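Residue-level structure breakdown
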Amino acid sequence: MIELKNVNKHYGELHVLKDVSLSVRQGEVVVIIGPSGSGKSTLCRTINRLETIDSGEILIEGEPLPQEGKKLAGLRSRIGMVFQSFNLFAHMSILDNVTLAPTDVLKVPRKKAQAEAMKLLERVGVADQANKVPAQLSGGQQQRAAIARALAMHPKAMLFDEPTSALDPEMIGEVLNVMTELASEGMTMLIVTHEMNFARQVADRVIFMDDGKIVEENTPEEFFEHPVSERAQNFLSTIRNH
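So, here's what we can say about the structure. This structure is a prediction, so every number in the text was calculated from the model and none was measured. (Residues numbered from 1 in each chain as written. Predicted model: local features only at pLDDT ≥ 70, side-chain atom pairs only at ≥ 80, totals over all residues. Heavy atoms only, no water.)

Some details on the overall build of the protein
This is how the line gets drawn: Going along the chain from the N terminus, every DSSP run of H or I of four or more residues is numbered as a helix, and every run of E of two or more is numbered as a strand. For the radius of gyration, the atom set is restricted to C-alpha positions; the globular benchmark scales as 2.2 Å times the number of residues to the power 0.38. Throughout, a contact is declared for two residues whenever any of their heavy atoms are within 4.5 Å. Accessibility throughout is a Shrake-Rupley quantity obtained with a 1.4 Å probe, and a residue counts as covered only by protein chains that appear here. Counted charges follow a simple rule, with Lys and Arg positive, Asp and Glu negative, and His plus the chain ends left uncounted. To locate a charge, the coordinates of NZ of Lys, CZ of Arg, CG of Asp or CD of Glu are taken.
What the protein contains, in helices and strands, is 9 helices and 10 strands. The C-alpha atoms of the protein give 18 Å as radius of gyration, which agrees with the globular expectation for 242 residues (18 Å, within 12%). Taking the principal axes of its C-alpha atoms as reference, the protein extends roughly 55 × 40 × 35 Å. Of the contacts formed within the protein by residues at least 6 apart in sequence, a portion of 66% connects residues at least 24 apart. Per element, the accessible surface of the protein, about 11,600 Å² overall, is 47% carbon and sulfur. Each charge class in the protein can be summarised by its mean position, and for the 26 positive and 32 negative side chains these summaries are 8 Å apart.

In C-alpha cells form, the structure reads like this:
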C-alpha cells in the first residue's frame with residue numbers, strides 16, 4: 001500500500017531522514033516511535049507530500065507519489081491525515097468541516113454528504129456536537145471530529161501524526177479508542193505516537209527511529225520485551241522509569 005525506498009530529506013544542513021526504507025501492507029497497522037527530533041513526523045508528512053524529499057522514492061499502491069496538481073490532490077483524498085493540532089476550520093461547524101471535502105472534491109451531493117457525516121460523527125461519538133464550531137469542543141472531541149473528517153473521504157489508508165500529544169490525559173483515551181476500532185476494522189494505518197501501551201496493543205509492527213534512521217523494527221511483543229539495539233533499550237528503559 002505504502003512504500004518508501006531510500007528516502008532522504010534535509011532542512012538546510014540538517015539531515016532529517018537518512019536512507020529510510022519502509023513498507024506498509026494493506027490492512028496493516030504500523031506504529032513509529034522514537035525520541036523527539038528523530039524524523040518520525042517528517043517521515044509521516046512525506047507520504048502525502050506535505051514535505052518534499054531530496055532523494056529516494058515513495059510509492060502508493062505501486063505508483064510513484066505525484067509531484068503536484070490533480071494527481072496529488074487525488075492521492076491526498078485517498079490517504080487520510082490526522083494531525084497533532086486538529087486543523088479544523090475554526091469558522092465552520094463540525095458538520096461543515098466533515099462535509100467540505102466530500103462535496104468539493106468528490107462532488108457528493110450535499111444532503112448525502114451530510115447524512116454520511118452524521119454517521120461518522122456518531123461513530124466517533126461527537127454527533128451531538130455537529131452544529132458547534134471547533135472552539136466549543138474539547139480537544140478530544142475536536143480530534144475525533146478530525147478523524148471523522150478524514151474518514152469522510154473513504155481513504156484507503158490513514159496517517160496519524162502524534163494525534164494525542166496536544167490532549168489532556170483524560171482525552172487521550174477517547175481518541176485512542178476510535179483509532180483502536182479503526183484498526184480492528186482493517187484500516188491501513190501509519191501512526192506516529194508516544195503512547196506505548198497503545199503501540200503494544202494495536203500495532204502489527206513497531207518501527208523505532210533515531211537520528212533520522214530506522215534503527216529497529218519488530219512485532220510489538222518482541223520490540224518491547226526484547227529490544228535488540230542499545231538505542232532502543234535505552235529509550236525504553238527511560239520511559240519505564242518515568
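Section: the pairing of strand S2 (residues 14-24)
Inclusion rule: DSSP bridges decide pairing: two strands pair if at least two such bridges lie between them.
Examined bridge by bridge, strand S1 (residues 2-11) and S2 share 7 bridges and lie antiparallel to one another. Considered in S2, the bridge of leucine 4 is made with leucine 22. Counted along the chain from S1 to the antiparallel partner S2, the turn is 2 residues long, and its residue glycine 12 has a positive phi close to 60°.

Re empty space enclosed by the protein
Operational definition: Using only the protein atoms, space was sampled on a 1 Å grid; points where a 1.4 Å probe fits but cannot get out form cavities, open sets with protein on both sides within 12 Å along at least five of seven lines form pockets, and lining residues are those with an atom within 4 Å of a point. Grid points are joined across faces, edges and corners, and a volume is the space filled by probe spheres set on the points. Residue polarity is assigned by list, with Asp, Glu, Lys and Arg as charged and Ala, Val, Leu, Ile, Met, Phe, Trp, Tyr, Cys and Pro as nonpolar; anything else, Gly included, falls into the polar class.
This model, assessed by the stated rule, comprises 1 cavity of 30 Å³ or more. The space that makes up the largest cavity amounts to roughly 30 Å³. Along the walls of the largest cavity sit Arg123, Val178, Glu181, Leu182 and Glu185, which together make up its complete lining. Broken down by element, the lining of the largest cavity gets its largest block of residues, 3 residues, from helix H6 (residues 169-184). Residues belonging to the lining of the largest cavity are distributed by class as follows: 2 nonpolar, no polar and 3 charged.

Some details on the sheet that holds S2
With respect to topology, 4 strands assemble into an open sheet ordered S2-S1-S4-S5, the strand pairing being antiparallel. The sheet terminates laterally at S2 and strand S5 (63-64), the two strands that pair on one side only.

Focus on helix H2 (residues 69-78)
How we decide: Summary of the burial criterion: residues with accessible area below 20% of their type's maximum are buried, those above 50% are exposed, and those between are partly exposed, where the area comes from a 1.4 Å probe applied to protein chains only.
Burial in H2 covers these residues: Leu72, Leu75 and Ser77. Close packing links the buried residues of H2 with strand S4 (55-60) and strand S6 (79-82).

A look at the environment of asparagine 8
Here asparagine 8 lies in strand S1. Residue asparagine 8 is classed as buried on the basis of its relative accessible area, which comes to 9%. Sequence separation of asparagine 8 and threonine 238 is 230 residues, and the distance between their C-alpha atoms is 29 Å. Asparagine 8 has contacts with His15, Leu17, Lys18, Asp19, Ile53, Asp54 and Ser55, leaving out every residue within four places of it along the chain.

Quick notes on the nonpolar core
The following threshold applies: Buried residues of nine kinds, namely Ala, Val, Leu, Ile, Met, Phe, Trp, Tyr and Cys, make up a nonpolar core once their side-chain atoms join them within 4.5 Å.
Grouped together as the largest cluster of nonpolar side chains are 50 residues, with contacts concentrated most on Ile33, Leu121, Ile147, Met158, Phe160, Met179 and Met189. Among the elements that take part in this core, H6 stands out by supplying 8 residues, more than any other. Ignoring anything within four residues of it in the chain, the contact list for isoleucine 33 reads Lys40, Thr193, Met196, Val206, Ile207, Phe208, Met209, Phe223, Phe224 and Phe235. Within the second largest apolar cluster, 27 residues are counted, among which are Val20, Leu72, Leu75 and Ile207.

Structural notes on the side chain of glutamate 216
Definition in use: Salt bridges are defined as contacts in which a side-chain nitrogen from Lys or Arg sits within 4 Å of a carboxyl oxygen from Asp or Glu. In protein, a polar contact means a hydrogen-donor-capable atom and an acceptor-capable atom, both N or O and within 3.5 Å, with residues adjacent in sequence counting only if both atoms are side-chain atoms; elsewhere, any N or O pair within 3.5 Å suffices.
Relative to the helices and strands, glutamate 216 is located in strand S10 (residues 213-218). We note that glutamate 216 is buried and unpaired, the nearest opposite charge coming from arginine 231 at a distance of 10 Å. Among the polar contacts listed, one links the side chain of glutamate 216 to the side chain of serine 229, at a separation of 2.7 Å. Setting aside its immediate chain neighbours within four residues, glutamate 216 contacts Val206, Ile207, Phe208, Phe223, His226, Pro227, Val228, Ser229 and Ala232.

Side note on the side chain of threonine 164
Assignment of secondary structure puts threonine 164 in the loop between strand S7 (157-161) and H6. Judged by its relative accessible area of 4%, threonine 164 falls in the buried class. When sequence neighbours within four positions are dropped, the list of residues in contact with threonine 164 reads Ile172, Val175, Leu176, Thr193 and Glu195.

A look at the packing of aromatic side chains
Cut-off, in case you're wondering: A pair of Phe, Tyr and Trp rings is counted when the ring centres sit within 6.5 Å of each other, with Trp represented by its six-membered ring. The angle between the planes then sorts it: under 30 degrees is stacked, over 60 is edge-to-face, the rest tilted.
Within this structure, the stated rule accounts for 3 aromatic pairs. The interplanar angle of 50° and the centroid separation of 5.2 Å between the aromatic rings of phenylalanine 208 and phenylalanine 235 together place this pair among those described as tilted. One end of the pair, phenylalanine 208, is in strand S9 (residues 205-210); the other, phenylalanine 235, is in helix H9 (residues 230-240), with 27 residues separating them in the sequence. This pair shows no difference in class: phenylalanine 208 is buried, exactly as phenylalanine 235 is. An aromatic cluster is present here, built from Phe208, Phe223, Phe224 and Phe235 joined pairwise through their rings.

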